[in-house]
Amino acid sequence: MTSNSYSSAEGHIHEPPLRGIKRWLLTTNHKEIGSLYLIFSLVMFFIGGTMALVIRAELFQPGLQLVQPEFFNQMTTMHGLIMVFGAVMPAFVGLANWMVPLQIGAPDMALPRLNNFSFWLLPLAFSLLLSSLFMEGGGPNFGWTFYAPLSTTYAPPSTNFFILSIHLAGISSILGAINIIATILNMRTPAMKLMDMPLFVWTWLITAFLLLAVMPVLAGVVTMMLLDINFGTSFFNAAGGGDPVLFQHLFWFFGHPEVYIMILPAFGIASMIVPTFARKRLFGYRSMVYATASIAILSFVVWAHHMFTVGLPLAAQLFFMYATMLIAVPTGVKVFNWVATLFHGSISFEVPMLFTLAFIVQFTIGGLSGVMLAIVPADYQYHDTYFVVAHFHYVLVPGAVFAIIAGVYYWLPKWTGFYPDETLGRWHFWLSVIGVNLTFFPMHFSGLAGMPRRIPDYALQFADFNLLSSLGGFLFGMSQLLLIWVVVRCVRGGKPAPDKAWEGAEGLEWQVPSPAPLHTFSTPPEFIPERDSPGRA
Amino acid sequence: MSGSYYVPASSKWPILMVVVLALLVIGAGSSLSFGHGFGLFLAGMVGVLVMMFVWFRDVIHESRSGLYDAQMDRSFRMGMAWFIFSEVMFFAAFFGALFYIRVFALPWLDGEGEKGISALLWPDFSASWPLLKTPSDAFTGPAEVIDPWHLPLLNTVLLVSSSITLTIAHHALKNDQRNKTKLWLLLTLILGFVFLVVQGIEYVEAYTQLGLTLQAGVYGGTFFLLTGFHGLHVTLGACVLTVILLRVWRGHFSSRSHFGFEAASWYWHFVDVVWLGLFIFVYVV
Ligand SMILES: [Cu+2]
């Protein structure tokens, strides 16, 4: 990479890098913006995590001891909103910013200024959301699903700020998705066909389409809330001919694809890491792509499985039950392919691989409890209990979050030029696995026994399970401090990493130096499908 | 492909756009929630317009100095196309709400369907569309609704012809007939402007004579939600077309390369198609 190759045919030369705060405010570089996204996500992860610990501290024993129910409601709501929109989604966008251009041989994202704008909308959106906690009447207290009329007729005055922050986060996601689609479809190195793309790129392409399809619906539904609250409309008020159930339909039309927005890129990360450390090519590349696309398409016709108890017609319940169970098929294909990749591989257990293997097992647990929840008559028992909380935390924490952490350990050598500390990483992994299962596994039992979610107090028979969950929650939370320590140490130094940091790794990202220089692939890199495609015969 | 890539330089407009958006949302939130801050909202609004102006000005300048290659052009095209797709989904949510209310919610409130429980709420309620009598007295339905075969029909004719005139302008630009382009573009703008005026007259009529307001139950809500957001999009599209007309006047665009023109016309056609949906499902059926 000579300085000569930075100048393009039009005589354009990269400006000298800006310094100080201006560098970060004005940056259009995909690596810098990727880092900003990841740091932002980490900050939000700790803010949302602190709220989770407030919840777990209150639930440590029966009775009301630490917080008032009103504040407890705000904590459950904000914890959910911040983790979903502030931590998990931006983490995946950060990884996409860093890795998609490197994996497809592009010099940057397709629309770099839009990229900067997408990122900086997020700090604004979340300061606005967090500031509502300090307003008269408190912050959002209606649950992260903000069902009307809790979020309209009975909402605190600050709800308008919540709505506006959702709008900002939504604009950020839509623009980010447009950028990712344009990058993947338009910026690949010429010889790379769609079916030659690494699976992380494929899963993100499909995720971006999901974002484009559902974030506008979320914008629409919060706009209708805004009108109901401030301008006297009655969309979600039956007195004027509207229907609160309409809110739930619109919300979950967004909400179910949203859960795949938070898991498809995780599938992509797992599909990168498993082949690397099994030292085998991914089993069933094509079926992985088709399975991802099938999951995405099916995600649009299953939303009412969140609403079985609201009073749907029988035909609708049956349809949504069977459609939901159908999703287990492509998901099963994926798990099968990962396991088949491991089969007869020469497996080594570096930290990224540990997190990925734990992801596969624990995500499968969450997936199976999802199939249980899809069964209508059974859901009448599970609905709104801790069983649901156990289910979606299994897919999101030991699922999505573990995959994100695995991706961070996997690509840190490329970002910093140094390997993350293996010993500390192992401590981080084992404490996280123990903590997360101690937190969420007992919730299956308290839920099956009937403990309702989102309530600050509970009956005595749930005390033991809650004690375990709270201990696990604090263990998991504290062990994430190790992640910060590992990352900070890795940025500062460590064992230097070569270009190809992992022996079995494949892909264009391992052909650029470690750490990756600010500008890479000023000219399209060589790519020979017969040799380099992950889907080659 | 030239064998190398063009990467746009960094710019201060995106972050300044976030700053003015901050003014806008803080102003909007506090004026809605606590009754003060409307001035801040307006300041933010002006700021957003200014930032859009300077940001696009830079892009146009770069485009005209020949900095963009074919790849950048494709990125812009994809960006615009998928942006319009997201707008389609935004309207789809509102149309979905309209269908749900009409097909399910209101008949169920009237006791139809296997559940039939919600009929217990207001036993006297009988479902109809347009919904002139709301279930509860807390809301007053409209006395009358807009007759589709007067102003809305006129508006349909106006908007459909504006799509045709815009296509003629586009063909003229492709054939390098610049005066013809200006003329038909101007005509498109006039048609769009008249559409907005007629829509304004319709709204005044609805509020003053028909009792059709935002507060007039769910009929009023869906009516103004769908036509209102459509009207906003027409306004935005008209602003964009005005800029395009000024650029044609200044000699921008060539017969082969005029993506700004095309993007604006895609948007205008999209707005037109949404109107056809509105005309059928909001006014006629
Ligand atoms: Cu779901």
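This is a predicted model, so every value here is computed, not measured. (Residues numbered from 1 in each chain as written. Chains lettered and ligands numbered in written order. Predicted model: local features only at pLDDT ≥ 70, side-chain atom pairs only at ≥ 80, totals over all residues.)

**Re the overall build of chain B**
Short version of the rule: Starting at the N terminus, helices and strands are each numbered in turn, a helix being any DSSP run of H or I of at least four residues and a strand any DSSP run of E of at least two. Comment: burial labels come from other C-beta atoms within 10 Å of the residue's own C-beta, placed from the backbone, where a count of 20 or more is buried, 12 or fewer is exposed, and between is partly exposed.
A tally of helices and strands in chain B yields 7 helices and 0 strands. Reading the helices (α) and strands (β) of chain B from amino to carboxyl end gives α-α-α-α-α-α-α. Dimensions along the principal axes, computed over C-alpha positions, put chain B at roughly 70 × 40 × 40 Å. Classification of the 285 residues of chain B by burial places 38% in the buried group.

**Some thoughts on the overall build of chain A**
Basically, it comes down to this: The globule rule is 2.2 Å times the number of residues to the power 0.38, and the radius of gyration it is compared with is taken over C-alpha atoms. Here, residue contact means that the backbone-derived C-beta atoms of the two residues sit within 7 Å.
A count of helices and strands for chain A gives 17 helices and 0 strands. Computed over C-alpha atoms, the radius of gyration of chain A comes to 23 Å, within 12% of the 24 Å expected from 2.2 N^0.38 for 537 residues, which places it in the range of a compact globule. Projected onto its principal axes, the C-alpha positions of chain A cover 70 × 50 × 45 Å. For chain A, restricting intrachain contacts to residue pairs at least 6 apart in sequence, the fraction spanning at least 24 positions comes to 83%.

**A short note on the domain arrangement of chain B**
Here is the rule we go by: Domain start and stop points were drawn from an automatic or database domain assignment.
Assigned domains of chain B: these are domain 1 (8–65) and domain 2 (72–284). On a C-alpha basis, the centroid separation for the pair domain 1 of chain B and domain 2 of chain B is 25 Å.

**A short note on the interface of chain A and chain B**
Put simply, the rule reads: Under this grouping Gly is polar, as are all residues other than the nonpolar Ala, Val, Leu, Ile, Met, Phe, Trp, Tyr, Cys and Pro and the charged Asp, Glu, Lys and Arg.
Chain A puts 63 residues into the contact, and the matching count from chain B is 64 residues. When contributions to the side of chain A that touches chain B are tallied by element, the ones reaching two or more residues are helix H1 (20–26), helix H4 (112–131), helix H5 (159–186), helix H6 (199–230) and helix H7 (244–261) of chain A. Residues belonging to the side of chain A that touches chain B are distributed by class as follows: 38 nonpolar, 20 polar and 5 charged.

**Considerations on the confidence of the model for chain B**
Here is the rule: The quantity known as pLDDT measures the predictor's confidence residue by residue, on a range of 0 to 100.
A residue-level look at chain B finds 96% of positions with pLDDT of 70 or above and a mean pLDDT of 92. Both scores are available for the predicted complex, with the pTM at 0.94 and the ipTM at 0.94.

**Focus on the confidence of the model for chain A**
Residue and element names in this part refer to chain A. For chain A, per-residue confidence averages 94 on the pLDDT scale, and 97% of positions sit at 70 or higher. Here H1 stands out as the least confident element of chain A, with mean pLDDT 88; helix H8 (residues 264–278) is the most confident, with 98. In the model, residues 1–13 has pLDDT below 50 throughout and makes 18 contacts with residues more than four positions away in sequence or in other chains.

**Observations regarding unusual backbone geometry**
Residue and element names in this part refer to chain A. Residue Pro515 is reached from Ser514 by a cis peptide bond, and omega for that bond is -5°. Of note in the backbone geometry, Asp384 takes a positive phi value of approximately 60° without being a glycine. Take Asp384: there are 14 C-beta atoms within 10 Å of it, and that puts it in the partly exposed class. Here Arg454, not a glycine, exhibits a phi torsion of approximately 65°, which is positive. Its place among the elements puts Arg454 in the loop between helix H15 (422–448) and helix H16 (463–492).

**Some details on helix H2 (residues 38–64) of chain B**
One full turn of an α-helix is made of 3.6 residues, so residues set three or four places apart face in the same direction. Under the convention used in this document: The span you would expect from a helix comes to 1.5 Å times its residue count less one.
With 27 residues, H2 of chain B extends 39 Å from end C-alpha to end C-alpha; this agrees with the ideal 39 Å at 1.5 Å per step. Once H2 of chain B finishes, Gly66 of chain B follows within two positions and takes phi at roughly 75°, a positive value.

**Description of the nonpolar core**
Spelled out, the test is: A set of buried Ala, Val, Leu, Ile, Met, Phe, Trp, Tyr and Cys residues, joined to one another through C-beta atoms within 7 Å, is what we call a nonpolar core.
If you look at the biggest cluster of nonpolar residues, it comprises 252 residues, and the most contacted ones within it are Val88, Ile181, Val221, Phe355, Ala400 and Ala406 of chain A. The element contributing the most residues to this core is H6 of chain A, with 24 residues. Looking at which domains feed residues into this core, each of domain 1 (8–65) and domain 2 (72–284) of chain B gives three or more. Beyond its immediate chain neighbours, meaning those up to four positions away, Ala406 of chain A contacts Ile269, Ile273, Pro352, Phe355, Thr356 and Phe359 of chain A.

**Some words on the packing of H8 of chain A against helix H11 (residues 328–342) of chain A**
Residues and elements named next belong to chain A. Note the cut-off: Lines are fitted to the C-alpha atoms to define the axes, a helix being fitted only along its stretch in contact, and any angle between axes, read from their N-to-C directions, falls within 0 to 180 degrees. Relative orientations are named as follows: roughly parallel for angles under 35 degrees, roughly antiparallel for angles over 145 degrees, roughly perpendicular for angles from 65 to 115 degrees, and oblique for any other angle. Helix crossings are classified by the rotation of the near helix relative to the far one: an anticlockwise turn of less than a right angle makes the crossing left-handed, while a clockwise turn makes it right-handed.
With their axes 9 Å apart at the nearest point, H8 and H11 run at an angle of 15° to one another. Judged by the angle between their axes, H8 and H11 are roughly parallel. Crossing of H8 against H11: the hand is left-handed. Contacts between H8 and H11 involve Phe267, Ala270, Val274, Pro275 and Ala278 on the former and, on the latter, Lys334, Trp338, Thr341 and Leu342.

**Topic: the environment of Leu226 of chain B**
Here Leu226 of chain B is to be found in helix H6 (residues 217–249). Each C-alpha atom, one on Leu226 of chain B and one on His36 of chain B, is 28 Å from the other, the two residues being 190 residues apart in sequence.

**What about the environment of Thr223 of chain A?**
All names here are of chain A. Within the secondary structure, Thr223 sits in helix H6. Using a count of 19 C-beta atoms within 10 Å as the deciding quantity, one classes Thr223 as partly exposed. Sequence spacing of Thr223 and Val245 is 22 residues, and the spatial spacing of their C-alpha atoms is 16 Å.

**Structural notes on helix H1 (residues 13–34) of chain B**
All names here are of chain B. The first and last C-alpha atoms of H1 sit 31 Å apart over 22 residues, in line with the 32 Å expected at 1.5 Å per residue. For H1, the buried fraction is high: 17 of the 22 residues fall into the buried class. One or two steps after H1, the chain reaches Gly35, where phi turns positive at roughly 75°.

**Notes on the packing of H6 of chain A against helix H9 (residues 285–298) of chain A**
Residues and elements named next belong to chain A. With their axes 10 Å apart at the nearest point, H6 and H9 run at an angle of 15° to one another. Accordingly, the angle class assigned to the pair H6 and H9 is roughly parallel. For H6 against H9, the interelement crossing comes out right-handed. Residue-level contacts link Leu199, Trp202, Thr203, Ile206, Phe209 and Leu210 of H6 to Met288, Val289, Thr292, Ala293 and Ala296 of H9. For the contact of H6 with H9, the class distribution of residues is 9 nonpolar, 2 polar and no charged.

**Quick word on the environment of Trp303 of chain A**
Residue and element names in this part refer to chain A. Of note, Trp303 is situated in the loop between H9 and helix H10 (314–326). Overall, Trp303 belongs to the buried group, with 22 C-beta atoms counted inside 10 Å. With residues up to four places along the chain from it excluded, the contact list for Trp303 reads Trp252, Phe253, Gly255 and His256.

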